[in-house]
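If you want the building blocks of each chain, they are given just below.
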Amino acid sequence: MTMVAEDIMVTKLVTLSPHVDVLDAVRLLLKNRISGAPVVDADGKYLGVFSEKCAMQVILDAAYDSLPTNHVGAFMDTQARTIRPDTDLLSIAQVFLLTNFRRLAVVDEGGTLLGQISRRDVMAAGLKVIDDSYVEKTTESSLLYLSAIHERNSAPLA
């Protein structure tokens, strides 16, 4: 069985509305010790992500000018990548390897947020797959060639 996004995604997420006060959003990231939170509309549709990088922009804007607005929607990253729930583990790992994203939102065909996967989630799932594949340990080390399964440039970016 191939492991896919819906098998490893986190579904209990801290989310933000685009209308939340941006300073409250920064406080929420700090309080929950998270590096970012998905931004969704009232229907749960994924709009983007508010990350630590976005928060840095808020701090700089506040230091040099008055904030142009106090809503998360003005600072969120709307270009953040998303994946589908059936995206396989190796493709997800490739996305993380080839981009600077730290988290990927998992959305359905209609754009509704279903969950989120972080780099750490992929590392843990990948290690589990590798550990599970070594049912019989030998004294001779064997190497798993994941490249035989997927080409490096075939990572799906939704």
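Here is what the cut-offs are and how they apply
- Within each chain, residue numbers correspond to sequence positions counted from 1 in written order.
- For a predicted model such as this one, the threshold for reporting local features is a pLDDT of at least 70, and the threshold for listing and counting side-chain atom pairs is 80 or more; totals across whole chains, interfaces and linings nevertheless cover every residue.
- Calculation of side-chain values draws on the structure's entire complement of heavy atoms; hydrogens and water are dropped beforehand.
- DSSP calls a pair of strands paired once it identifies at least 2 bridges connecting them.
- Secondary structure elements are defined from DSSP: runs of H or I of at least 4 residues count as helices, runs of E of at least 2 residues count as strands, and each element is numbered from the N terminus.
- Residues count as neighbours in contact if any of their non-hydrogen atoms are within 4.5 Å of one another.
- Each axis is a line fitted through C-alpha atoms, taken for helices only over the stretch in contact, and angles between the N-to-C directions span 0 to 180 degrees.
- What a helix should span is 1.5 Å times the count of its residues minus one.
- Relative accessibility thresholds used throughout: buried, under 20% of the residue-type maximum; exposed, over 50%; partly exposed, between the two (1.4 Å probe, protein chains only).
- For this quantity, the arc is that covered by the directions from the helix axis to the C-beta atoms.
- What we call a nonpolar core is a set of buried Ala, Val, Leu, Ile, Met, Phe, Trp, Tyr and Cys residues that are connected through their side-chain atoms within 4.5 Å.

**What about the sheet that holds strand E5 (residues 113-118)?**
The three strands are arranged E3-E4-E5 in an open sheet whose pairing can be described as mixed. The open sheet terminates on both sides in strands that have one partner only, identified here as strand E3 (82-83) and E5. In terms of strand pairing, E3 meets strand E4 (residues 103-107) through two bridges, oriented parallel. Bridging from a neighbouring strand, isoleucine 83 pairs with valine 106 of E4. The strands touched by helix H4 (residues 89-98) are E3, E4 and E5; relative to E4, the strand with the most contacts, the crossing angle is about 140°.

**Structural notes on helix H3 (residues 52-64)**
Helix length check: H3 (13 residues) gives 18 Å between terminal C-alpha atoms against 18 Å at 1.5 Å per residue, within 8%. Burial in H3 covers these residues: Cys54, Ala55, Val58 and Asp61. Projected down its long axis, H3 shows its buried positions confined to an angular sector of 120°, all on one face. Those residues of H3 that are exposed and angled more than 90 degrees off the buried face are Lys53, Ala63 and Tyr64. Of the surrounding secondary structure, the elements contacted by the buried residues of H3 are helix H2 (22-32) and strand E2 (46-51).

**So, the pairing of E5**
The side chains of a regular strand alternate between both faces of the sheet. Where E4 meets E5, five bridges bridge the pair, whose relative direction is antiparallel. Each bridged residue has a counterpart across the sheet, and for valine 107 the counterpart in E5 is leucine 113. Where E4 folds back on E5, the antiparallel hairpin that results is connected by five residues, among which glycine 111 adopts a positive phi of roughly 90°.

**Here we look at the nonpolar core**
With 15 residues, the main nonpolar core has Ile8, Ile83, Ile92, Leu104, Ile117 and Val122 as its most contacted residues. Listed by contribution, the elements that provide at least two residues to this core are helix H1 (5-8), H4, E4 and helix H5 (119-133). In terms of residues, this core owes the most to one element, H4, which gives four residues. If you look at the next biggest cluster of nonpolar residues, it comprises 14 residues, including Ala25, Val26, Ala37 and Phe75.

**A word on the pairing of E2**
Counting buried positions along E2 gives five out of six residues, so the element sits mostly inside the fold. Bridging between strand E1 (residues 36-40) and E2 involves five bridges; their strand directions are antiparallel. Across the sheet, the residue bridging to glycine 36 is serine 51, located in E2. Between E1 and E2, which pair antiparallel in sequence order, lie five residues; one of them, glycine 44, sits at a positive phi of approximately 85°.

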